[in-house]
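The chain contents come next:
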Amino acid sequence: MNILAIGAHPDDVEVYAAGTLAKYNSLGHKVFIATATNGNIGSATLSMEEIARVRKEEARRSAAHINAEYICLDYDDEMFFESREARLAFINLVRYCKADVILTHNLTDYNPDHELTAKIVRDITVMIPIAKLKTESKPHDVIPALYHWEPLHSHGFLPTHYVDITDFIEVKKKMCSEHVSQIAWMEDNKQFVADENEDFFSESLITSRFRGIQSRVRYAEAFRLADNAYAVRAGSLLP
Ligand SMILES: [Zn+2]
């Protein structure tokens, strides 16, 4: 299968789904990692152009750990709004990847870029085969299955599926550690984490451990099957 993970910012996919994607890769599936924005506000010192370039390179290095292709739609960080053009860009992305399965944010999250990414993905899955919607990539015959990963700190999220990522937790850590600019950014922005010992990446390991306890393995990532028509499949396409 072709697996497409779509996050809002470079590093989201690693925090929420890197273990699952590493597992897909180990089973021989083709993985694509995409982000809606280029993360161009993620630095106190670099210009927006410079930090966007740095973050896209970090995302590329992270994706390389699991032979994934990284694609950035290059919208502005925290200034991503719904439009005709964005909808078509997302349709084109899914067609280009010929995605059988899409993983993305939850529809309810703390961040508007996360929520809009989830909404557009949810809205466009049904449009992928429709020929009248012209994009650079040709219509793809499959309406992909859609799973939402949990929001940061999991508020209000009730999983329908758990993926055992115990054998892939080290790959997840390595992928997260490629985001050097964001580890530095969080050092200077501790208001976004629980305490001074944590960052987004270390907190995500705690979440993976908690989901592991819930599902009786060491580490797990949790997902919720989309509840709209055509996104649902019997059984599970998660690894
Ligand atoms: Zn994000």
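None of these values were measured; they are calculated from a predicted model. (Residues numbered from 1 in each chain as written. Predicted model: local features only at pLDDT ≥ 70, side-chain atom pairs only at ≥ 80, totals over all residues. Heavy atoms only, no water.)

Participant: Honestly, the layout of surface pockets in this entry has me stumped. Any pointers?
Facilitator: One way to see where empty space is left: roll a probe the size of a water molecule over the atoms. In this structure, the largest pocket encloses a volume near 350 Å³. If you go around the largest pocket, you meet 18 residues; those closest to its centre are His9, Glu78, Tyr110, Trp185 and Phe200. Counting only elements with at least two residues in the lining of the largest pocket, the list comes to helix H1 (12-26) and helix H6 (180-187). (1 Å grid on protein atoms, 1.4 Å probe; cavity = no way out; pocket = protein on both sides within 12 Å on 5 of 7 lines; lining within 4 Å. Points joined across faces, edges and corners; volume = space filled by probe spheres on them. Helix = DSSP H or I, 4+ residues; strand = E, 2+ residues; numbered from the N terminus.)

Participant: It is not clear to me how the coordination of the zinc ion should be interpreted in this structure. Could you clarify?
Facilitator: Protein coordination at the zinc ion comes from His9 (ND1), Asp12 (OD), Asp12 (OD) and His114 (NE2), with a distance range of 2.1 to 2.4 Å. Angles of 56 to 134° at the metal separate the four donor atoms of the zinc ion, which places the site in the irregular class. All donor residues of the zinc ion come from one chain, and their arrangement in sequence is H-x2-D-x101-H. In terms of burial, histidine 9 and aspartate 12 fall into one category: buried. (Donors = N, O, S within 2.8 Å, 3.2 Å for Na, K, Ca; no water. Tetrahedral: all angles 85-135°; square planar, octahedral: opposite > 155°, others 65-115°. Buried < 20%, exposed > 50% of the residue type's maximum accessible area, 1.4 Å probe, protein only.)

Participant: In this structure, what is going on with the packing of helix H2 (residues 48-64) against H6? I would like to understand it.
Facilitator: To describe two helices that pack against each other, one gives the angle between their axes and the distance between the axes. In contact at an axis separation of 8 Å, H2 and H6 are set at 120° when each is read in the N-to-C sense. Here H2 is positioned oblique relative to H6, judged by the angle of their axes. Residues Ile51, Val54, Arg55 and Glu58 of H2 form the contact with H6, whose own contacting residues are Val180, Ser181 and Gln182. For the contact of H2 with H6, the class distribution of residues is three nonpolar, two polar and two charged. (Axes fitted to C-alpha atoms, helices over the stretch in contact; angles between N-to-C directions. Parallel < 35°, antiparallel > 145°, perpendicular 65-115°, else oblique. Contact = heavy atoms within 4.5 Å. Nonpolar A, V, L, I, M, F, W, Y, C, P; charged D, E, K, R; others polar.)

Participant: Got a minute to help me understand H2 in this structure?
Facilitator: Helical periodicity: at 3.6 residues per turn, an α-helix aligns residues three or four positions apart in one direction. Compared with an ideal rise of 1.5 Å per residue, which puts 17 residues at 24 Å, H2 spans 24 Å between its outermost C-alpha atoms and is within 8% of the ideal. Contact partners of the buried residues in H2: H1, strand E2 (30-37), strand E3 (69-75), helix H5 (169-177) and H6. (Expected span 1.5 Å × (residues − 1).)

Participant: Looking at this structure, I do not really get empty space enclosed by the protein. What am I missing?
Facilitator: This model, assessed by the stated rule, comprises one cavity of 30 Å³ or more. The computed volume of the largest cavity comes to approximately 140 Å³. Considering the residues around the largest cavity, the lining is formed by 17 residues, among which Val15, Tyr16, Glu150, Ser204 and Thr207 are closest to the centre. For the lining of the largest cavity, the secondary structure elements donating two or more residues are H1, helix H7 (200-214) and strand E7 (220-225). Considering every element that reaches the lining of the largest cavity, the biggest residue donor is H7, with five residues. A class-by-class count of the residues in the lining of the largest cavity yields eight nonpolar, five polar and four charged.

Participant: I'm lost on the nonpolar core in this one. Help?
Facilitator: Generally speaking, nonpolar side chains in soluble globular proteins are found buried as a group. Counting 38 residues, the largest nonpolar core has Leu21, Ile33 and Leu103 as the members making the most contacts within it. With eight residues, the top contributor of residues to this core is H1. If near-sequence neighbours (up to four positions away) are discounted, isoleucine 33 is found in contact with Ala5, Val13, Leu21, Ala63, Ile66, Ala68, Glu69, Tyr70, Ile71 and Met175. Core analysis: the second largest hydrophobic core is formed by 26 residues, Ala89, Phe90, Leu116 and Met127 among them. (Core = buried A, V, L, I, M, F, W, Y, C linked by side-chain atoms within 4.5 Å.)

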